[in-house]
Amino acid sequence: MRITGISTHVVGTPWRNLTYVQVHTDEGITGVGETRMLGHTDALIGYLREAEANHILGSDPFATEDLVRRMKYGDFGRAGEIVMSGIAVIEMACWDIKGKALGVPVWQLLGGKVTDKVKAYANGWYTTERTPEAYHKAAQGVMERGYKALKIDPFGTGHFELDHQQTLYAVSLIEAVRDAIGPDAELMLEMHGRFSPATAVRLAKELAPFKPAWLEEPVPPENLKALEKVAAKVDMPVATGERIHDRIEFRELFESQAVDIIQPDVGHIGGIWETRKLAATAETHYVLVAPHNVGGSVLTAASLQVGFTSPNFKILEHFNDFADADIKKVVKGAPQVVDGYFHLSDAPGLGVEFDADAAAEFPQQQARFDLWAEGWEQRKPKGSAE
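In this text the structure is predicted, and so the values were computed from the model without any measurement.

K.L.:
Quick one: what's the story with the overall build of the protein chain, residue by residue and with numbers?
P.N.:
Looking only at helices and strands, one finds 12 helices and 15 strands in the protein chain. Taking 21 Å as the expected radius of gyration for a compact globule of 386 residues, we find that the protein chain reaches 20 Å, a close match to that expectation. Each principal axis of the C-alpha atoms in the protein chain carries an extent, and together these give about 60 × 45 × 40 Å. Counting every position in the protein chain, which comprises 386 residues, the buried fraction comes to 59%. Taking the contacts inside the protein chain whose residues are at least 6 apart along the sequence as the reference set, 73% of them involve residues at least 24 apart. Of the roughly 15800 Å² that the protein chain leaves accessible, carbon and sulfur atoms contribute 49%. Across the protein chain, the centroid of the 39 positively charged side chains sits 2 Å from that of the 54 negatively charged ones.

Written out as structure tokens, the structure is:
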């Protein structure tokens, strides 16, 4: 079997463009991969156009490891977010092809299942007015849909510091959310790399009574010593890793012991097998895995293949029941959350099929997501349709 070409499709919303890539073969089997780029969608498509000619055409989709190696190192330049995301969508599609050709789900090819279900947590649910009352109601809605976990960044446009008044308001939002979801649900606290170490530590202590399941990206990701400072002073698990695009770059993070939960994005770190390798390394450091997942249903399905096969897999992020949920139409067989969990599928490959006709209803947009802009949490950039 050989790859005869690829086709790209961009599904657009005001705050995110999702790039789907179909990989076609001479035996008529087509696989699909997906990633979500922030402000670099056209750059990704440009890279894939070159990579198709240089590396992909004529390749054996079963020789995934060789194709990934050639795409990563064959151009000599150091692979960053765009290249690793391009590798990811092709790699996912190759696994999809292999599973379909053999008539088995990808998780079976990764060594088999270690669990029948993966817990989900909701994100994108707080696109409402930024008040305790609105957040209380929205959080109740999440629980009513069967979720047992959710995540929130309550810090507005906070950057490095957060003054006393803003701190009190953030605390009031978290208090309302915890009241709405009850004591048993998990509440993930997101900081989006906003703060200085001192501010992150102070806020973590202010919010500790509401029992956050983790403290995510408390400081910008470039400075590992700053993260170590936070981890040494807070009494809750620390999570990070969505903005690391090569599993090798996690080495120093593991050695620092400053992280309890890593959050690789399958769509940015080279795909399914690269993430599974990273999960195995994390296991040797007693670190859990909870992938960043801001994509659509194909990326969710790909992330679940890792989840069903990794003993140290904690939970998977899910946006698509809340923020622009209509995009689920572009994928047949989209994974669904039932009673707070994704459940094992025996469907071949990734278990999903991309619908190009449905995708055409969501043309690419000038998607914008600015975490420092007032009202970012509503995911309606200025000038977008309401």
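K.L.:
Give a detailed account of the pairing of strand β6 (residues 186-190), specifying residues and quantitative values.
P.N.:
Both faces of the sheet carry side chains from a regular strand, because those side chains alternate between them. Judged by how many residues are buried, β6 sits mostly within the fold: 5 of 5 residues are covered. Where strand β5 (residues 149-152) meets β6, 4 bridges bridge the pair, whose relative direction is parallel. Paired with I152 across the two strands is L189, which belongs to β6. Chirality of the crossover, the property in question, places the unit of β5, helix α6 (residues 164-181) and β6 among those that are right-handed.

K.L.:
Lay out the pattern of salt bridges in plain terms, naming residues and giving numbers.
P.N.:
All chains considered together, the criterion is met by 23 salt bridges. For the salt bridge of R243 with E217, the shortest nitrogen-to-oxygen distance reads 2.9 Å. With a gap of 26 residues between them, R243 in the loop between β8 (238-240) and α9 (251-256) and E217 in the loop between β7 (214-216) and α8 (224-233) connect regions that are remote in the sequence. For E217, a relative accessible area of 2% puts it in the buried group. Among the salt bridges present, the one from E274 reaches R247, with a minimum N-O distance of 2.9 Å. In this pair, E274 is assigned in helix α10 (residues 272-284) and R247 in the loop between β8 and α9, connecting sequence segments 27 residues apart. A relative accessible area of 6% places E274 in the buried class.

K.L.:
Quick rundown of the packing of aromatic side chains? Include the residues and the values.
P.N.:
By the definition in use, this model includes 13 aromatic pairs. Clustering of aromatic rings is evident, with ring pairs tying together W15, W125, Y126, Y135, F319, F369 and W376. The ring centre of F322 lies 5.4 Å from the NZ or CZ of R145, which sits over that ring. The ring of W15 carries R379 above its face, with NZ or CZ at 4.7 Å from the centroid.

K.L.:
Provide a residue-level description of helix α5 (residues 132-144), including the pertinent values.
P.N.:
Between the first and last C-alpha of α5 there are 18 Å, a value that for 13 residues agrees with the 18 Å anticipated at 1.5 Å per step. Buried residues of α5: P132, A134, Y135, H136, A138, A139, V142 and M143, and no others. Elements in contact with the buried residues of α5: β4 (117-122), β5 and α6. Where α5 ends, the next residue or the one after it, G146, has phi of about 95 degrees, a positive value.

K.L.:
Go over the environment of T240 with me, naming the residues and quoting the values.
P.N.:
Tracing the backbone through its elements, the reader meets T240 in strand β8. For the pair T240 and E190, spaced 50 residues apart in sequence, the C-alpha to C-alpha distance is 9.9 Å. Once residues lying within four places of it in the same chain are set aside, the contact partners of T240 are E217, L227, L253, V259, I261, I262 and Q263.

K.L.:
Go over the sheet that holds strand β2 (residues 17-25), please, and point to the residues and values.
P.N.:
Spatially, the 3 strands line up as an open sheet ordered β1-β2-β3, and their pairing is antiparallel. In this open sheet, the two strands that pair with only one neighbour each are β1 (3-12) and β3 (30-37). Between one strand and the next, the sheet's axes are offset by a mean angle of 20 degrees, whatever the strand orientation. Relative to β2, β1 runs antiparallel, the two being bridged by 9 bridges.

K.L.:
Just give me the short version of unusual backbone geometry, but keep the residues and values in it.
P.N.:
Positive phi, close to 55 degrees, is recorded for H192, a residue that is not glycine. Take H192: it is sitting in the loop between β6 and α7 (197-207). Note on H192: relative accessible area 12%, which makes it buried. With phi around 55 degrees, K211 is a residue other than glycine that occupies positive phi space.

K.L.:
Lay out the nonpolar core in plain terms, naming residues and giving numbers.
P.N.:
The biggest cluster of nonpolar side chains holds 94 residues, and the ones touching the most others in it are W125, L150, I262 and I272. Setting aside anything within four residues of it in sequence, one finds I262 in contact with T240, F250, L253, F254, L278, A282, V287, L288, V289 and A290. By size, the runner-up hydrophobic cluster in this structure holds 22 residues, among which are M84, A93, C94 and I97.

K.L.:
So what's going on with the packing of α5 against α6? Which residues, and what values?
P.N.:
Their axes nearest at 8 Å, the elements α5 and α6 cross at an angle of 30 degrees. The two elements α5 and α6 cross, and the hand of that crossing is right-handed. Here P132, Y135, H136, A139, Q140 and M143 of α5 come into contact with α6, specifically with Y169, S172, L173, A176, V177, D179, A180 and I181. Among the residues forming the contact of α5 with α6, the class breakdown is 10 nonpolar, 3 polar and 1 charged.

Calculation notes
- Residues numbered from 1 in each chain as written.
- Predicted model: local features only at pLDDT ≥ 70, side-chain atom pairs only at ≥ 80, totals over all residues.
- Heavy atoms only, no water.
- Helix = DSSP H or I, 4+ residues; strand = E, 2+ residues; numbered from the N terminus.
- Rg over C-alpha atoms; globule rule 2.2 N^0.38 Å.
- Buried < 20%, exposed > 50% of the residue type's maximum accessible area, 1.4 Å probe, protein only.
- Contact = heavy atoms within 4.5 Å.
- Areas by Shrake-Rupley, 256 points an atom, 1.4 Å probe, with all protein chains shown as cover.
- Lys, Arg positive; Asp, Glu negative; His and termini not counted.
- Charge placed at Lys NZ, Arg CZ, Asp CG, Glu CD.
- Pairing = 2+ DSSP bridges.
- Right-handed = clockwise from strand over helix to strand, strands pointing away.
- Salt bridge = Lys/Arg side-chain N within 4 Å of Asp/Glu carboxyl O.
- Phe/Tyr/Trp six-rings, centres within 6.5 Å; stacked < 30°, edge-to-face > 60°.
- Lys NZ or Arg CZ within 6 Å of the ring centre and 35° of its normal.
- Expected span 1.5 Å × (residues − 1).
- Axes fitted to C-alpha atoms, helices over the stretch in contact; angles between N-to-C directions.
- Core = buried A, V, L, I, M, F, W, Y, C linked by side-chain atoms within 4.5 Å.
- Left-handed = near helix turned anticlockwise from the far one by under 90°.
- Nonpolar A, V, L, I, M, F, W, Y, C, P; charged D, E, K, R; others polar.

The analysis is restricted to geometry; functional conclusions fall outside its scope.
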